[in-house]
Amino acid sequence: MTVRRAAARALANVALVKYFGKRDPALNLPAAGSLSVALEPLETITSIEFDDQLDRDAVALGGSPADPAFAARVSAFLDLVRALVGCTAAARVATQNGFPTGAGLASSASGFAALALAATRALGLDLDGPALSALARRGSGSAARSIPGGFAAWDAGTRADGADSFAREIAGPQDLELRIVVGVTDPAPKALGSTAAMERTRATSPYYAAWIDAARGDLVDALAAVAARDLERLGEIAERSALAMHGAALAARPGIAFWNGATIDALHCVRALRTRGRLAFFTCDAGPQPKALCAAADEEAVAAAFAELPGVRAVIRCRPGAGAATIPCP
């Protein structure tokens, strides 16, 4: 009997310039590039064993058997990895998220990044960063950005096969004094997943084309802000990118409203903090969990303000974190 094992850790990320639209859904190729920051301590731990004696893949999420849809998605991704080395063995996969799953906190990003690294290492592959990022992208688009650490730029690429669409670190975790304060307003899985929401927005929103054009311009501006270590400029760009993305989704038919009342309250809260001299900016991915990007010196005040908002059930303080890495098998 041959058993090949590995385990990996990857962090969720928050997009500062949003990804919300695909030029090729089958390959998860984005219509525009994006920029993100890895979120420590929002981690996924994934272990995998390829075992010739298994009849089929067995997938566990959070200590329980995964639902059939998620298990099928994992198996489809593992088929891509198995094809790289001609492996026919099924696998046991155990994945654990240290934060709410499917609630708009990028659990699919950290999950498929950790799975990509663990599965390739278990099968003896040592892919470089771009190749691993491109592979992780096939499981979940934003997983491309959870392979590198710190601040990661995901290039849209132009090739039909997606070989030039991967994420790369453009600044390390310590290069900007940024903190990210997350407000958890609803930990339940979203009623509409990100992939379906993107496709509906692309197909029906009259603002979609303008959103993609804006995202391309925002990425250029954001890359310059990171290079200049200009946190205020980066925050301004991140806030406008988030509002533009959600505006395009709201205009879809039927409209997609990811936010709840507490999310909107958090937006007003962040703007009020800014008028009082705090360096704080709002962002929110495809879900109801607001995030405040702030200077390290303002983290305490921002976290306290979020904690006082009705409807905010928990506050998580994050900082830029490292890229995906292998860990000892459990």
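Caption draft 1: Representation of the overall build of the protein chain within the structure. When helices and strands are counted, the protein chain shows eight helices and 14 strands. For 330 residues, the compact-globule formula gives about 20 Å, and the C-alpha radius of gyration of the protein chain, at 19 Å, lands near that figure. By its C-alpha atoms, the protein chain is 65 × 40 × 40 Å across when sized along the principal axes. Across the 330 residues of the protein chain, 53% fall into the buried class. Taking as baseline every contact in the protein chain between residues at least 6 positions apart, the subset at least 24 positions apart corresponds to 76%. Carbon and sulfur atoms provide 53% of the accessible area of the protein chain, an area that totals close to 13100 Å². Across the protein chain, 33 positive and 33 negative side-chain charges occur, with their mean positions spaced 3 Å apart.

Caption draft 2: Representation of the packing of aromatic side chains in the model. Within the structure shown, the criterion is met by five aromatic pairs. With centroids separated by 4.7 Å and ring planes inclined at 70 degrees, the aromatic side chains of tyrosine 19 and tryptophan 154 adopt a geometry described as edge-to-face. One end of the pair, tyrosine 19, is in the loop between strand 1 (3-17) and strand 2 (22-24); the other, tryptophan 154, is in strand 8 (residues 151-154), and 135 residues separate them in sequence. Assessed through its relative accessible area of 10%, tyrosine 19 is described here as buried. Judged by relative accessible area, tryptophan 154 falls into the buried class, the value being 0%. Here phenylalanine 20 and phenylalanine 258 contribute two aromatic rings whose centre-to-centre distance is 6.4 Å and whose plane-to-plane angle is 85 degrees, an arrangement assigned as edge-to-face. Here phenylalanine 258 lies in the loop between helix 6 (231-250) and helix 7 (261-275) and phenylalanine 20 lies in the loop between strand 1 and strand 2, a separation of 238 residues in the sequence. Given a relative accessible area of 11%, phenylalanine 258 falls into the buried group.

Caption draft 3: Examining the nonpolar core more closely. In terms of nonpolar packing, the biggest core is built from 31 residues, with Ile48, Phe50, Phe77, Leu78, Val93 and Leu115 touching the most fellow members. Among the elements that make up this core, the one with the highest residue count is helix 2 (residues 107-122) (nine residues). Excluding residues within four positions of it along the chain, phenylalanine 77 makes contact with Phe112, Leu115, Ala116, Leu135, Ala136, Arg138 and Gly139. Counting 28 residues, the second largest nonpolar core, distinct from the first, contains Leu16, Leu42, Ile180 and Val182.

Caption draft 4: Structural context of the packing of helix 1 (residues 68-85) against helix 3 (residues 129-139). Two elements in contact, helix 1 and helix 3, have axes separated by 9 Å at closest approach and are oriented at 145 degrees. As helix 1 runs across helix 3, the sense of the crossing is right-handed. Counted together, Arg73, Phe77, Leu80, Val81 and Leu84 of helix 1 and Leu135, Ala136, Arg138 and Gly139 of helix 3 form the full contact between these two elements. In the contact of helix 1 with helix 3, the residues fall into six nonpolar, one polar and two charged.

Caption draft 5: Main features of helix 7. Between its first and last C-alpha atoms helix 7 spans 22 Å; for 15 residues at 1.5 Å apiece the expected length is 21 Å, and the two agree. Of all the positions in helix 7, only Ala262, Thr263, Ala266, Leu267, Cys269, Val270 and Leu273 are classed as buried. For helix 7, the buried positions fall inside an angular range of 165 degrees around the axis, keeping them on one side. Turning to helix 7, the residues buried within the fold contact helix 6, strand 11 (280-283), strand 12 (291-295) and helix 8 (299-307). Where helix 7 terminates, the next one or two residues include glycine 277, which has phi positive at roughly 95 degrees.

Caption draft 6: Local environment of the environment of serine 64. Mapped onto the fold, serine 64 is located in strand 6 (residues 64-65). When the C-alpha positions of serine 64 and alanine 131 are compared, they lie 31 Å apart, and in sequence the two are 67 residues distant.

Caption draft 7: Quick look at the pairing of strand 13 (residues 314-320). Bridge analysis of strand 4 (residues 34-51) against strand 13 gives two bridges, and the strand direction is antiparallel. Pairing of leucine 39 across the sheet is with proline 320, part of strand 13. With five bridges connecting them, strand 10 (residues 178-184) and strand 13 associate as antiparallel partners. Bridge pairing in strand 13 links isoleucine 180 to cysteine 318.

Caption draft 8: View of the pairing of strand 10. Counting buried positions along strand 10 yields six of seven residues, so the element is predominantly enclosed. Relative to strand 12, strand 10 runs antiparallel, the two being bridged by five bridges. Note that in strand 12 the partner of leucine 178 across the bridge is alanine 295.

Parameters at a glance
- Residues numbered from 1 in each chain as written.
- Predicted model: local features only at pLDDT ≥ 70, side-chain atom pairs only at ≥ 80, totals over all residues.
- Heavy atoms only, no water.
- Helix = DSSP H or I, 4+ residues; strand = E, 2+ residues; numbered from the N terminus.
- Rg over C-alpha atoms; globule rule 2.2 N^0.38 Å.
- Buried < 20%, exposed > 50% of the residue type's maximum accessible area, 1.4 Å probe, protein only.
- Contact = heavy atoms within 4.5 Å.
- Areas by Shrake-Rupley, 256 points an atom, 1.4 Å probe, with all protein chains shown as cover.
- Lys, Arg positive; Asp, Glu negative; His and termini not counted.
- Charge placed at Lys NZ, Arg CZ, Asp CG, Glu CD.
- Phe/Tyr/Trp six-rings, centres within 6.5 Å; stacked < 30°, edge-to-face > 60°.
- Core = buried A, V, L, I, M, F, W, Y, C linked by side-chain atoms within 4.5 Å.
- Axes fitted to C-alpha atoms, helices over the stretch in contact; angles between N-to-C directions.
- Left-handed = near helix turned anticlockwise from the far one by under 90°.
- Nonpolar A, V, L, I, M, F, W, Y, C, P; charged D, E, K, R; others polar.
- Expected span 1.5 Å × (residues − 1).
- Arc of directions from axis to C-beta.
- Pairing = 2+ DSSP bridges.

What is shown is where atoms sit, not what they do.
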